[in-house]
Each structure stands twice: as C-alpha cells, then as structure tokens.
Amino acid sequence: PCPFPITLAERLILSSCPPDGTVFDPFAGSGTTGIAAINAGRLFVGCEIDAGYHKDASQRLADHQAQPRLFDAPKDHGEQLTMDT
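Residues numbered from 1 in each chain as written. Predicted model: local features only at pLDDT ≥ 70, side-chain atom pairs only at ≥ 80, totals over all residues. Heavy atoms only, no water.

Novice: Could you give me a rundown of the pairing of strand β2 (residues 43-46), with the residues and numbers involved?
Specialist: Of the two faces of β2, only the one carrying Phe44 and Gly46 is buried; Leu43 and Val45 on the other face are not. As judged from the four bridges shared by strand β1 (residues 22-25) and β2, these two strands associate in the parallel manner. Each bridged residue has a counterpart across the sheet, and for Thr22 the counterpart in β2 is Leu43. Of the crossover connections in this fold, the one passing from β1 over helix α2 (residues 32-39) to the parallel β2 is right-handed. (Buried < 20%, exposed > 50% of the residue type's maximum accessible area, 1.4 Å probe, protein only. Helix = DSSP H or I, 4+ residues; strand = E, 2+ residues; numbered from the N terminus. Pairing = 2+ DSSP bridges. Right-handed = clockwise from strand over helix to strand, strands pointing away.)

Spelled out as structure tokens, the structure:
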C-alpha cells in the first residue's frame, strides 16, 4: 500500500499534465489518482491487477463522479471515467 492525499496527486497532475491530457496510473490501487484527475479535469486510465482493489477503485470513482458539485472541472470530453477489466 502507498496511501497519499488526493490534494497531493491533484497538485502533481496540474503541474505536469496539460489541460487536454490523460493521466495514466499503472498501479491504480484504490483510485486516488483517478479522483485527482477527475478533479483536475483530466482523463484517467488506470490499471490494477488485484481484483479487490479494482472493485474498490471502480466503486470509488463511480461514487465520486455521482456527487453533485458546486464547481465542476472543465468537461471537454463529456465521458464518464471508469476502470474496465
């Protein structure tokens, strides 16, 4: 496990990924980087070999996207982000 705050991942994404970029996390774990990418208005692609982490991350990303927001990140792509098997 390598827990880290969403705000740290957001800062890294905002400073290193262009606004129309895609964030790739080859060890997606619980989906923290995916949530940070959503918050930053970037696309996200994550890979996870562990079925338990994959299930948890998929649910966490879906729950995060379903939350109403006062201010949304730009949605240039208009697609829901998911982690598919």
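Novice: Explain the nonpolar core to me, using residue names and the numbers behind them.
Specialist: Core analysis: the largest hydrophobic core is formed by 12 residues, namely Ala9, Ile13, Cys17, Val23, Ala28, Ile35, Ala36, Ala37, Ile38, Ala40, Phe44 and Leu61. At the level of secondary structure, the elements contributing two or more residues to this core comprise α1 (6-16) and α2. Ranked by residues supplied to this core, first place goes to α2 with four residues. Among all residues touching Ala37, those that are not within four sequence positions of it are Ile13, Val23, Arg42, Leu43 and Phe44. (Core = buried A, V, L, I, M, F, W, Y, C linked by side-chain atoms within 4.5 Å. Contact = heavy atoms within 4.5 Å.)

Novice: Give a description of the packing of α2 against helix α3 (residues 51-66) that names residues and reports values.
Specialist: At a minimum axis distance of 9 Å, the contact between α2 and α3 shows a crossing angle of 25 degrees. Between α2 and α3, the crossing angle belongs to the class labelled roughly parallel. Every pair of crossing elements has a handedness; the one defined by α2 and α3 is right-handed. Contacts between α2 and α3 involve Thr32, Gly34, Ile35, Ile38 and Asn39 from the former and Arg60, Leu61, His64 and Gln65 from the latter. Of the residues assigned to the contact of α2 with α3, the class counts are three nonpolar, five polar and one charged. (Axes fitted to C-alpha atoms, helices over the stretch in contact; angles between N-to-C directions. Parallel < 35°, antiparallel > 145°, perpendicular 65-115°, else oblique. Left-handed = near helix turned anticlockwise from the far one by under 90°. Nonpolar A, V, L, I, M, F, W, Y, C, P; charged D, E, K, R; others polar.)

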